[in-house]
Structures are given as structure tokens and as C-alpha cells.
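Examination of the molecular architecture
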Amino acid sequence: MVDRYPAKQTAMDWIDANQQRLSGFDIEIWNYHEPAWREYKSAKAYVELLRQDGWDVEEGSGEMPTAFVARWGDGGPVLGAYAEYDAVPGNSQQAVPYHAPREGVHPSAAGHTDPHSMLGVAGLTGAMAAKAAMEKHKIKGQLVFFGEPAEKLCGSKPIHAAKGYYDGFDAFIAYHPSPQNTVEWQTHFGAYWSCVFTFECPEAEGWNDLSLLPEGATARAAGRVPGAVDALMYMYMTTKSAREGMFAHTGNWTLNEVILHGGDATADNLPQRFTQIQYAWRTPDLKMQERIWQVLAHNARHAAALAGCEVSVRWVSKTRVALPNHAIADLTWRNLAQVGPPEYDESARTFGREIQQSLGLQATDNPFPDVLTQLTTPEDYEASLRAVLPPWQKFIGADDYVEYMWHAPTVRLLTARPRLKPPTPEYQYPAWTYLAMGGRPEIMDPGMFTAGRTIAGTLLDLATQEDELAKCKAEFTERTGGGVGGKHWVAPLLERDIVPPHDLRWPEYVTTPRGDEWTVPTPLTMGERL
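Residues numbered from 1 in each chain as written. Predicted model: local features only at pLDDT ≥ 70, side-chain atom pairs only at ≥ 80, totals over all residues. Heavy atoms only, no water.

Strand order in the open sheet made by the 4 strands is S10-S11-S9-S12, with antiparallel pairing throughout. Strands with a single pairing partner mark the edges of an open sheet, and in this sheet they are strand S10 (254-261) and strand S12 (310-318). Within this sheet the neighbouring strands show an average axis-to-axis angle of 20 degrees, counted without direction. Relative to S12, strand S9 (residues 191-200) runs antiparallel, the two sharing 8 bridges. By the bridge assignment, Cys195 is partnered in S12 with Trp315. Contacts from helix H6 (residues 286-306) reach S9, S10, strand S11 (274-283) and S12, with the element oriented near 10 degrees to S9. (Pairing = 2+ DSSP bridges. Helix = DSSP H or I, 4+ residues; strand = E, 2+ residues; numbered from the N terminus. Axes fitted to C-alpha atoms, helices over the stretch in contact; angles between N-to-C directions. Contact = heavy atoms within 4.5 Å.)

Structure, rendered in C-alpha cells:
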């Protein structure tokens, strides 16, 4: 990597000049706190900002209403970055140093956890700064900035990949807020698959043979078909029991479920006709993923049969596992080292101390861990991951950025997203403390703009330093056994014609005669505690 040449300095100067505006945009997205597949205001805000900056924006990319693709430039390498902007149901919190869910909506409304508001604006900062420098210094290259909704469901990236949006790229930069400032090296993320089973009872009347009833008896004397709620419960309990038969408790694999529709909101003496349950599972291996799917499909068929129902399935996500690239990771690390770690001023520390005091803890001089203002080498970060994993396990957790990795060399950058230092090793801060800090610019901005500067510098190096890009692409070709389509390459797992699942009953904000509220109405009272 060449030191800070004029184009790179231009990018850094652009970020300095636009920092206040972008900080405000981060808080704007944080305040929308829109959940997966329902990020209407957030996506619109990104599209408008990018168009004002001179990007050509495709809205609704991949048939996903809250996705977009922004393009700029011509000739030269094609380089990608992205924003995510979905919040997580059940994480509502104001940006205050005490527990306070957002006012005017149900306490279970969505809130930003990671936060994706910071993640997206960091990527946006880097892409816009690189564009400004490339324009001024007449650097050839194409920048593509994706709007990726529903990351918490690993939603849009497998669909964008399946529909060809990642074809023809030279490199991608992924980013995520983290407790540390580093780049991921060899141990990346594994696979995430998710689907929704729908149980329907279209012919409830055919459950019984009425000719078997005593003479003069009415249909009410016959047994009632179990129906869709029973089918869902059979599925739920059978799968809970079957977990033990899927895999031994190793490899950090997980299987989670959520009920999307639990039947009609009545307790009448009628069979429930329609229910839906979503499953999501994470493992470090695609064969493990497939085996879990086989068990789930088997359970669903039998649950439906027991309850007099039919069952169908919609895929939400199918990601591949990661494909590391040390060359682009090293290039990005050198840019991060050049930028340096984040620094936090007294206003950030004051807010941290106010949280400590509200919890009855002693306020400390520096409420944040020291690692937030340090750089962690990729080697040290890798060693910390391997220390808690068995040697055979290549990947951990799940995230859909891995989809980029099979189409071009991809790095995953991490910069600090503050947590509070616990007073004792066994103490755990309540989740609201983490959520509250996500809405404070004095706490989010340092790590966000460290990331933005690093992304801008790396994009410019990839556009101007042919030898650096060549090393990245050579490693990609070697690891895939010939590049895209090579003997070790893994194609997208979803079908190209997949209908994105944004039409399912995901949590969202609604407008009624009562006003704007969460999918669960704003309560007048929470009821008597038992």
C-alpha cells in the first residue's frame, strides 16, 4: 500500500468536511428503527441522499421493495460496499442513560442492536468519500453501493447473489461494528438457512365421517379437526425433541424458531385454518445445514398429517459459508493502521458514567474497555477466535456478508462499537445500556468514521494500485479453483427466480385510526402482574 497519496488525502478531507452531516444521517436512521423487510423510510433516505450525490440508483433491486443498488463511474475495477438498516423487534430503547423504551409504541417495538444505523453510514461514508476523490483526481473505476435490507434474517444478500447482482465485481468491502478494531482473517462466519412453514386446514369438514354418528345427532357431536394451531404446536414440540437427534452439542450450531401467525385472535369453537412458524439455523458446514432441513421437513409433513392440515414452505434465506481472502484483509488492515483507532472525548465517557450511576454502580474514570481505543492485529484476533473453537471447526456464527465472498475478493472490517466495562468479571450489563449508546453520536461517531476512512482508503487503493488488486484476485482464483465457476466455487443456494419473502407477516409499524403504532397496539395498561 502506498502512503497517503493526494487522492486518499482528498477522501480524508471530504470526510472531515461532511462528518457532521453524516453523523446526523446515522441518527436519522437510528430513529426510524424499522424492522426487517419493512425499512421503508430508511431505504428512501439512503436513495435520496445518494441521488443528490450523483449516483445512479435502482430502487427495489432484486424485487425487494426496501433494497437498492447505487452505481457511479465507468471503466476500471468494479468495487462494492453496502449498507444495512434493519432494526430488531423487542429492542426498543431511547438514547438516555436509564431504561426507557421509545414512547408512543409498544415496548416490544424494534430497535437497533449492532447498530445497523452505524454499519450502514460507515459504508456510505467510505463509498461517498472514495467517489469524491476519484472525481477530483480523475481515477477510473466503478463504485457500487448496495442497500441490503433484512440482514437480521440474512435476507437480501442471498437473493441479490442468486439474481446476478454480484456478478462481474473485482472486490467487495464488508464492515461490522465490533468490540475491537481489526479485520477478520481466516475464521469467518458459517451458514444461515431459514424458512417459513405454513399450516392450512382448507377442508376441516372432511375430518369426520358423519355416517358414524348416532341417529339424530348433529355435526356438533362429531370430533373437531385439530387444525392449524395444533399442527404448529406439533411442529414446535416435535422439533424441540428432535434437536437431540440432529447433531451432538458441538460446533456452535443453533436452531431457533418464531411464530409469525398463531391463528385467528378468537377462542371460538372452530378449527384454526392458518398458522405460520419460521425456523432459522446456523452451522459451520453446508452438509449440516442440509441435514437439519431434512429433519424439519420430515417433522412438518407429519405435524400437518396429525392435525388434518396441509403444509407448504417458503425459503427466507440460504447462505453459503465464508471464503477468506488474506490479500484484501492485509490491504484493509494497513489502511486501518494508517487511520488509527477511534478516540472518545469526555462527553462519551460522561454518558457511560451516567449509565453506571443509574444502575447503582460506582462511576469509573473510563467506563469503556481499553480495547476500544487500540488496534488488534488480524493475527491476534484470529488467535482469540481459535482459542475457543475445536480445530475441525472452520467457521463460527452466521452473517450474509459471506455471499459477497464467492463472487470477488472480500474483506470484513471491524471497528469499535462501545460497550461498558463490567465492574467485576461476572457482571453483565442489561441490554438496554448497549441499545441506548447506539443513539449517541459522541459514542458511535468515532468508530463509524474510523471505518469510513478505512473503507475509503481501501477502495482507492483497489482502484489505483494494480498490484494490490491483482494479489487479491489471484488468491480468489486459487481458493475457488479457477474463479467464479471454478472447481471449488459454490454457486448461490437460492434459485434465480426466487420470490423474495417480503410479503410474509413480518413485524412492522402500522397506521390505524389510533395513529402510528407497532404491529402490537400501544397498551393502555400492561395488566395485573401475577
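Next, the rest of the story.
This part is about the packing of aromatic side chains. Under the criterion given, the structure shown has 22 aromatic pairs. Taken together, a centroid distance of 4.5 Å and an interplanar angle of 25 degrees make the contact between Phe169 and Phe172 stacked. Aromatic rings pair up to connect Tyr82, Phe146, Tyr166, Phe169, Phe172 and Tyr404 into one cluster. The ring of Trp315 carries Lys318 above its face, with NZ or CZ at 4.5 Å from the centroid. Across the ring face of Tyr434, the terminal group of Arg417 is positioned such that the distance to the ring centre comes to 3.6 Å. (Phe/Tyr/Trp six-rings, centres within 6.5 Å; stacked < 30°, edge-to-face > 60°. Lys NZ or Arg CZ within 6 Å of the ring centre and 35° of its normal.)

Its 20 residues place the ends of helix H5 (residues 227-246) 28 Å apart at the C-alpha level, agreeing with the 28 Å of an ideal helix rising 1.5 Å per residue. Of all the bends in H5, the greatest measures close to 30 degrees and is centred on Lys240. Three or more residues of H5 are buried, namely Gly227, Ala228, Ala231, Leu232, Met235, Thr239, Ala242 and Met246. (Expected span 1.5 Å × (residues − 1). Bend = angle between axes of the 7 residues up to and from the residue. Buried < 20%, exposed > 50% of the residue type's maximum accessible area, 1.4 Å probe, protein only.)

Tallying each qualifying case throughout the model produces 26 salt bridges. Among the ionic pairs, Glu346 bridges to Arg353, the shortest N-O distance being 2.1 Å. Judged by its relative accessible area of 40%, Glu346 falls in the partly exposed class. Taking the relative accessible area as the measure of exposure, Arg353 reaches 15% and is therefore buried. Linking Arg514 and Glu517 is a salt bridge whose minimum nitrogen-to-oxygen distance equals 2.4 Å. The buried category is assigned to Glu517, whose relative accessible area is 5%. (Salt bridge = Lys/Arg side-chain N within 4 Å of Asp/Glu carboxyl O.)

What follows covers the environment of Asn18. Mapped onto the fold, Asn18 is located in helix H1 (residues 6-32). Among the residues examined, Asn18 registers a relative accessible area of 13% and is labelled buried.

Right, let's get into the layout of surface pockets. When its volume is computed, the largest pocket comes out at roughly 1200 Å³. Lining the largest pocket are 46 residues, with Val88, Glu151, Lys152, Leu153 and Arg282 positioned closest to its centre. It is S10 that contributes the most residues to the lining of the largest pocket, 5 residues altogether. Its residues assigned to classes, the lining of the largest pocket comprises 24 nonpolar, 9 polar and 13 charged. (1 Å grid on protein atoms, 1.4 Å probe; cavity = no way out; pocket = protein on both sides within 12 Å on 5 of 7 lines; lining within 4 Å. Points joined across faces, edges and corners; volume = space filled by probe spheres on them. Nonpolar A, V, L, I, M, F, W, Y, C, P; charged D, E, K, R; others polar.)

Moving on to the sheet that holds strand S13 (residues 410-416). Pairing is mixed in the open sheet, where 7 strands are placed in the order S1-S2-S6-S3-S7-S13-S8. One side of each edge strand has no neighbouring strand; the edge strands of this open sheet are strand S1 (56-59) and strand S8 (182-183). Pairing analysis gives 4 bridges linking S1 to strand S2 (residues 68-74), with the strands arranged antiparallel. Bridge pairing in S2 places Glu58 opposite Val69. Seen against the sheet, helix H3 (residues 116-136) touches S2, strand S3 (78-84), strand S6 (141-148), strand S7 (171-178) and S13 and runs at an angle of roughly 165 degrees to S6.

Take the nonpolar core next. Nonpolar side chains in soluble globular proteins tend to be buried together. Membership of the largest hydrophobic core comes to 150 residues, with the highest contact counts inside it found for Tyr46, Trp55, Phe145, Phe146, Phe197, Phe199 and Trp281. For this core, the element with the most residues is H3, which contributes 12 residues. With near-sequence residues (within four places) excluded, Trp55 lies in contact with Leu50, Ala70, Arg71, Trp72, Ala127, Met128, Lys131, Leu143, Val144 and Phe145. Core analysis: the second largest hydrophobic core is formed by 5 residues, Val105, Ala109, Ala110 and Trp518 among them. (Core = buried A, V, L, I, M, F, W, Y, C linked by side-chain atoms within 4.5 Å.)

Tallied over the entire structure, the rule returns 1 cavity of 30 Å³ or more. Approximately 50 Å³ is the volume attributed to the largest cavity. Around the largest cavity sit Ala81, Tyr82, Leu119, Gly123, Ile173, Ala174, Tyr175 and Ile455, which together line it. Residue composition of the lining of the largest cavity, by class: 7 nonpolar, 1 polar and no charged.

Let us now look at the packing of helix H7 (residues 326-339) against helix H12 (residues 441-464). Across the interface, H7 lies against H12 with an axial gap of 9 Å and an inter-helix angle of 130 degrees. Taken together, the axes of H7 and H12 lie oblique to each other. Considering only the axes of H7 and H12, their crossing is right-handed. Counting all contacts with H7, which are made through Ile328, Leu331, Thr332, Asn335, Leu336 and Val339, the residues of H12 involved are Thr450, Arg453, Thr454, Gly457, Thr458, Asp461 and Leu462. Split by residue class, the contact of H7 with H12 holds 5 nonpolar, 6 polar and 2 charged. (Parallel < 35°, antiparallel > 145°, perpendicular 65-115°, else oblique. Left-handed = near helix turned anticlockwise from the far one by under 90°.)

This paragraph deals with the environment of Pro391. Looking at the secondary structure, you find Pro391 in the loop between helix H9 (378-386) and helix H10 (402-405). Remark: the alpha-carbon pair of Pro391 and Asn252, spanning 139 residues in sequence, is separated by 13 Å.

Here we come to the pairing of strand S15 (residues 515-518). Bridge count between strand S14 (residues 509-512) and S15: 4 bridges; the pairing is antiparallel. In the sheet register, Tyr509 faces S15, and the bridge partner there is Trp518. Hairpin connection from S14 to S15: 2 residues lie between these consecutive antiparallel strands.

Applying the stated criterion to the full structure yields 0 disulfides. This cysteine, Cys154, is not joined by any disulfide, and Cys195 carries the nearest cysteine sulfur, 14 Å off. A relative accessible area of 3% places Cys154 in the buried class. Among the cysteines around Cys309, which has no disulfide bond, Cys201 carries the closest sulfur, lying 4.5 Å off. (Disulfide = S-S within 2.5 Å.)

Our next topic: the side chain of His116. The topology assignment puts His116 in helix H3. Overall, the relative accessible area of 1% leaves His116 in the buried class. Within the structure, the side chain of His116 is placed 3.2 Å from the side chain of Glu84, a separation counted as a polar contact. The contact partners of His116, leaving out residues within four places of it in the chain, are Glu84, Tyr85, Asp86, Glu151, Lys152 and His176. (Polar contact = N/O pair within 3.5 Å; in protein donor to acceptor, adjacent residues only side chain to side chain.)

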